[in-house]
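An overview of the molecular structure
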Amino acid sequence: DLRILGAKQNRGALATFTVDGVHPLDIATLLDLQGIAIRSGHMCAQPIMHHFGLTGASRASLSFYNTKEEICQFGDELKRIISHLR
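Residues numbered from 1 in each chain as written. Predicted model: local features only at pLDDT ≥ 70, side-chain atom pairs only at ≥ 80, totals over all residues. Heavy atoms only, no water.

**Details of the pattern of salt bridges**
Counted by the stated rule, this structure contains 2 salt bridges. The residue arginine 86 makes a salt bridge to aspartate 1 at a minimum N-O spacing of 3.0 Å. Separated by 85 residues along the polypeptide, arginine 86 in the segment after helix H3 (68-85) and aspartate 1 in the segment before strand E1 (2-4) bring together distant segments of the chain. With respect to class, arginine 86 is no different from aspartate 1; both count as exposed. The partner of glutamate 77 in a salt bridge is arginine 80, with the nearest N and O atoms 2.9 Å apart. Here arginine 80 and glutamate 77 lie together in helix H3, a separation of 3 residues that amounts to about one turn. Overall, glutamate 77 belongs to the buried group, its relative accessible area being 14%. (Salt bridge = Lys/Arg side-chain N within 4 Å of Asp/Glu carboxyl O. Helix = DSSP H or I, 4+ residues; strand = E, 2+ residues; numbered from the N terminus. Buried < 20%, exposed > 50% of the residue type's maximum accessible area, 1.4 Å probe, protein only.)

Next comes the structure, spelled out in structure tokens:
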């Protein structure tokens, strides 16, 4: 029930997503406790959030300094958090 927002092709280094039944702030807070920083909320983009029928979302941003291990840790922690909060 994880939904990635935006175009499916030509994605950049950002992944904005929602998880059914889980508040974006809860995801961000629990990831932060594991040393993983993401953004949550309306992303200063209330019109597009309204378009998608959302009040907020979560966004992970990658950069050249992120390692494969960090990306895998993010995925593993996100799965654990979703499982825990559902």
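**A closer look at helix H1 (residues 24-32)**
Along H1, the residues classified as buried are Pro24, Ile27, Ala28 and Leu31. The buried residues of H1 occupy an angular sector of 95° when the element is viewed end-on, so they sit on one face. In the core, the buried residues of H1 are packed alongside strand E2 (14-19), strand E3 (39-41), strand E4 (57-61) and H3. (Arc of directions from axis to C-beta. Contact = heavy atoms within 4.5 Å.)

All we've got here are geometric facts, nothing functional implied.
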